[in-house]
Amino acid sequence: MHCPVCNHAETKVVDSRLSPDETSIRRRRACDRCQYRFSTLEEIELLDITVVKRDGRHEAYHREKIERGLKKALEKRPYTESDFRLLVHTIERDIQNRSSTEIRSADIGEAVMQALKRFDKVAYIRFASVYRSFEDVQTFQNELSGL
């Protein structure tokens, strides 16, 4: 890890702490040259997962796409950054538990909806209405009654 001040390549870990949601590790570091102290955040990253789109195309998994969709659904809803990270981690753990290098985008959508249903019902309805392309009020009411 390079020092952000002097760009020296040698830094040492002074302290490590697990986040309260246990999805990341915060490391306090010190530069060996200038003694500047800074923090880094270490999170689990899903690697080598290929998403199979509805039209058959294949693309690499990107956490940012899930985060964008969740933030849109959670717009103007009360949540903390810690809760949001835990939600994303829960969805990614579900994806990882499938023990496959390929996953259909529809399966990712279902995993997001299941996690949102437990996290925030309003956000779930928002996401489901776009994801499932509700055509009329009856479809919307059927989804609401399922909650």
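Look a little higher up for the structure.
Description of the structure in this document. Here the structure is a predicted model, which is why all the values come from computation and not from measurement.

## Regarding the packing of helix α1 (residues 63-73) against helix α3 (residues 105-119)
Part 1 of the argument: Axis separation between α1 and α3 bottoms out at 12 Å; the angle between their running directions is 40°. Considered as vectors, α1 and α3 are oriented oblique to each other. When the axes of α1 and α3 are compared, the crossing they make is right-handed. The segment α1 lies against α3, with I66, L70 and A73 engaging I108, V112 and L116.
Part 2 of the argument: Split into classes, the residues belonging to the contact of α1 with α3 amount to six nonpolar, no polar and no charged.

## As for the nonpolar core
Part 1 of the argument: By size, the foremost hydrophobic cluster in this structure holds 25 residues, and its most contacted members are I66, L70, I91, I95, I108, V112 and L116.
Part 2 of the argument: Elements supplying a minimum of two residues to this core: α1, α2 (81-96), α3 and α4 (121-131).
Part 3 of the argument: In this structure, L70 is in contact with F84, L87, V88, I91, V112 and L116, ignoring residues within four places of it in sequence.

## Overview of the packing of aromatic side chains
Part 1 of the argument: Following the criterion strictly, the structure yields two aromatic pairs and no others.
Part 2 of the argument: Centre to centre, the rings of Y36 and F38 are 6.3 Å apart; their planes meet at 15°, and the pair counts as stacked.
Part 3 of the argument: Judged by its relative accessible area of 8%, F38 falls in the buried class.
Part 4 of the argument: With centroids separated by 5.7 Å and ring planes inclined at 35°, the aromatic side chains of Y79 and F84 adopt a geometry described as tilted.
Part 5 of the argument: A relative accessible area of 2% means that F84 is categorised as buried.

## Some words on the pattern of salt bridges
Part 1 of the argument: Applying the stated criterion across every chain, the model contains 10 salt bridges.
Part 2 of the argument: Put simply, R57 and E59 hold a salt bridge, and the shortest N to O gap is 3.9 Å.
Part 3 of the argument: Linking E59 and K65 is a salt bridge whose minimum nitrogen-to-oxygen distance equals 2.5 Å.
Part 4 of the argument: Taken together, the shared-partner salt bridges in this structure form one network comprising K53, D55, R57, E59 and K65.

## Brief notes about the sheet that holds strand β3 (residues 37-43)
Part 1 of the argument: Spatial strand order, β1-β2-β3: three strands in an open sheet with antiparallel pairing. This sheet does not close on itself; its edge strands, each paired only once, are β1 (11-18) and β3. Averaged over all neighbouring strand pairs, the angle between strand axes comes to 25°, with direction disregarded.
Part 2 of the argument: Pairing between strand β2 (residues 24-31) and β3: seven bridges, direction antiparallel. Within β3, the residue paired with R28 across the bridge is S39.

Rules of the game
Residues numbered from 1 in each chain as written. Predicted model: local features only at pLDDT ≥ 70, side-chain atom pairs only at ≥ 80, totals over all residues. Heavy atoms only, no water. Axes fitted to C-alpha atoms, helices over the stretch in contact; angles between N-to-C directions. Helix = DSSP H or I, 4+ residues; strand = E, 2+ residues; numbered from the N terminus. Parallel < 35°, antiparallel > 145°, perpendicular 65-115°, else oblique. Left-handed = near helix turned anticlockwise from the far one by under 90°. Contact = heavy atoms within 4.5 Å. Nonpolar A, V, L, I, M, F, W, Y, C, P; charged D, E, K, R; others polar. Core = buried A, V, L, I, M, F, W, Y, C linked by side-chain atoms within 4.5 Å. Buried < 20%, exposed > 50% of the residue type's maximum accessible area, 1.4 Å probe, protein only. Phe/Tyr/Trp six-rings, centres within 6.5 Å; stacked < 30°, edge-to-face > 60°. Salt bridge = Lys/Arg side-chain N within 4 Å of Asp/Glu carboxyl O. Pairing = 2+ DSSP bridges.

Everything listed here is a matter of coordinates, which is why it stays silent on function.
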